[in-house]
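Reading the structure
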Amino acid sequence: QVRLVESGGGLVQPGGSLRLSCAASGGIFSLAPMAWYRQAPGKQRDLVASITSSGITNYADSVKGRFTISRDNAKNTFYLQMSNLKEEDTVVYSCKTCLYWGQGTQVTVSS
């Protein structure tokens, strides 16, 4: 059974940093693209960043230069390093690989 478990969310002040992790189990994901999405209440889920198996990355314009996605294939884990966080980054972040989603982790940016 495939399972994705996010961690690393929480409360941070504007300008601060957080690192989200997504640990995948139940399969081998080294050849799979991985992605982070976020969704505010009542809004659609938007792609934040993605990374291919070879490490090619893609970012939403709103996070370029602030967020970095990476992966550790040996650990079946991928990450989202978030810096210079803004209040508008306050939403639930979810990881995805293939057809599988994590449960989501809340990020709150507030002073």
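Structure first, text after, so check above.
Residues numbered from 1 in each chain as written. Predicted model: local features only at pLDDT ≥ 70, side-chain atom pairs only at ≥ 80, totals over all residues. Heavy atoms only, no water.

**So, the pattern of salt bridges**
Convention followed: Think of a salt bridge as a Lys or Arg side-chain nitrogen and an Asp or Glu carboxyl oxygen that are within 4 Å of each other. Helical segments are the DSSP runs of H or I of at least four residues, strand segments are the runs of E of at least two, and each set is numbered from the N terminus.
Throughout the structure, instances matching the rule amount to three salt bridges. Notably, a salt bridge pairs R66 with D89, separated by 2.8 Å at the nearest N-O pair. Here the residue R66 occupies a position in the loop between β6 (57–59) and β7 (67–72), and D89 occupies one in the loop between β8 (77–82) and β9 (91–97), the gap between them amounting to 23 residues. Here the salt bridges share partners, and the residues they tie into one network are R38, R66 and D89.

**Considering the environment of S17**
The line we're drawing: Relative accessible area decides the class of each residue, using a 1.4 Å probe on protein chains only: under 20% of the type maximum gives buried, over 50% gives exposed, and in between gives partly exposed. The contact definition used throughout considers only heavy atoms, calling two residues in contact when any of these lie within 4.5 Å.
Its place among the elements puts S17 in the loop between β2 (10–12) and β3 (18–25). For S17, a relative accessible area of 41% corresponds to the partly exposed category. Discounting chain neighbours no more than four positions away, the residues touching S17 are V12, Q81, M82, S83, N84 and L85.

**Thoughts on the nonpolar core**
Spelled out, the test is: By nonpolar core we mean a set of buried residues, namely Ala, Val, Leu, Ile, Met, Phe, Trp, Tyr and Cys, connected to one another through side-chain atoms within 4.5 Å.
Counting 26 residues, the largest nonpolar core has W36, V48, F67, I69, L80, M82 and Y93 as its most contacted members. Residue contributions to this core peak at four residues, all from β3.

**Here we look at the pairing of β8**
Going by this rule: Two strands make a pair as long as DSSP finds a minimum of two bridges between them.
Taking burial as the measure, the six residues of β8 include five buried ones, the bulk of the element. As paired elements, β3 and β8 share six bridges and run antiparallel to each other. Looking at β8, one finds that R19 is bridged to Q81. Looking at chain direction, β7 and β8 are connected through six bridges and run antiparallel. Paired with I69 across the bridge in β8 is L80. The loop that links β7 with its antiparallel partner β8 comprises four residues; one of these, N76, has a positive phi angle of about 55°.

Read these as geometric descriptors, not functional statements.
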